[in-house]
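# Coordinates in review
So the chains spell out like this:
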Amino acid sequence: MIAVMISSAMTAVAGVFFAFYYNNLFPEQIFHISRSIEIILGPIIGGVGTLFGPILGAALLTLLADGITELLAAFGWEIPGIKQVFYGVVLLAVIMFLPNGIWPFISKKLRL
């Protein structure tokens with residue numbers, strides 16, 4: 001019961017941050033398949049089965065994907081689907097070169 005309470009509290013906090021970030025809560029945006037893919041990719045890229053892996057993966061994906069979108073917008077280019085292409089390239093690179101994720105590689109190098 002305590003685990004359910006902690007999980008629901010964390011989900012509520014994440015929902016609040018999501019609502020403030022996007023300034024709305026439209027069902028077609030929240031329950032879209034792309035949102036599910038973004039949620040699943042964070043732990044896969046960061047490292048499944050680790051504590052910091054999903055956090056690192058989600059932060060890295062969000063910062064880089066938004067950075068690419070902003071960079072292209074600064075040049076005046078609007079390429080639809082660039083985030084999805086970026087997610088695919090990052091997932092391919094992580095699966096090929098770091099099959100356990102980014103965090104296990106970093107923790108091994110830093111001897112944590």
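Above this text you will find the structure in question.
Here we summarise the structure given alongside this text. Keep in mind it's a predicted model, so treat the numbers as computed, not measured.

About the cut-offs
Residues numbered from 1 in each chain as written. Predicted model: local features only at pLDDT ≥ 70, side-chain atom pairs only at ≥ 80, totals over all residues. Heavy atoms only, no water. Helix = DSSP H or I, 4+ residues; strand = E, 2+ residues; numbered from the N terminus. Buried < 20%, exposed > 50% of the residue type's maximum accessible area, 1.4 Å probe, protein only. Contact = heavy atoms within 4.5 Å. Lys, Arg positive; Asp, Glu negative; His and termini not counted. Charge placed at Lys NZ, Arg CZ, Asp CG, Glu CD. Salt bridge = Lys/Arg side-chain N within 4 Å of Asp/Glu carboxyl O. Axes fitted to C-alpha atoms, helices over the stretch in contact; angles between N-to-C directions. Parallel < 35°, antiparallel > 145°, perpendicular 65-115°, else oblique. Left-handed = near helix turned anticlockwise from the far one by under 90°. Nonpolar A, V, L, I, M, F, W, Y, C, P; charged D, E, K, R; others polar.

Regarding its fold elements, the protein presents 6 helices and 0 strands. Reading the secondary structure of the protein in the N-to-C direction produces α-α-α-α-α-α. Judged by the C-alpha coordinates and their principal axes, the protein covers about 45 × 40 × 20 Å. Burial analysis of the protein (112 residues in total) assigns 18% to the buried set. Pairs at least 24 apart in sequence give 49% of the contacts found in the protein among residues at least 6 apart. Between the averaged position of the 5 positive side-chain charges in the protein and that of its 5 negative side-chain charges there is a distance of 23 Å.

Evaluated as defined, the whole model comprises 2 salt bridges. Residue glutamate 38 pairs with arginine 35 through a salt bridge whose shortest N-O separation is 2.6 Å. With glutamate 38 and arginine 35 both in helix 3 (residues 33–46) and 3 residues apart, the pair spans about one turn of that helix. Residue classification places glutamate 38 among the partly exposed residues on the basis of a relative accessible area of 22%. Of the charged contacts in the structure, one is a salt bridge between lysine 83 and aspartate 66, with a shortest N-O distance of 3.2 Å. Highlighted residues: lysine 83 in helix 5 (residues 82–97) and aspartate 66 in helix 4 (residues 53–74), separated in sequence by 17 residues. The exposure class assigned to lysine 83 is partly exposed, which follows from its relative accessible area of 23%.

The next subject is the packing of helix 3 against helix 5. At a closest axis distance of 11 Å, the pairing of helix 3 and helix 5 adopts a crossing angle of 25 degrees. With respect to helix 5, the axis of helix 3 lies roughly parallel. With respect to the hand of their crossing, helix 3 and helix 5 are arranged in left-handed fashion. Counted together, Ser34, Glu38, Leu41, Ile44 and Ile45 of helix 3 and Gln84, Tyr87, Val90, Leu91 and Val94 of helix 5 form the full contact between these two elements. A breakdown of the residues in the contact of helix 3 with helix 5 according to their chemical character gives 7 nonpolar, 2 polar and 1 charged.

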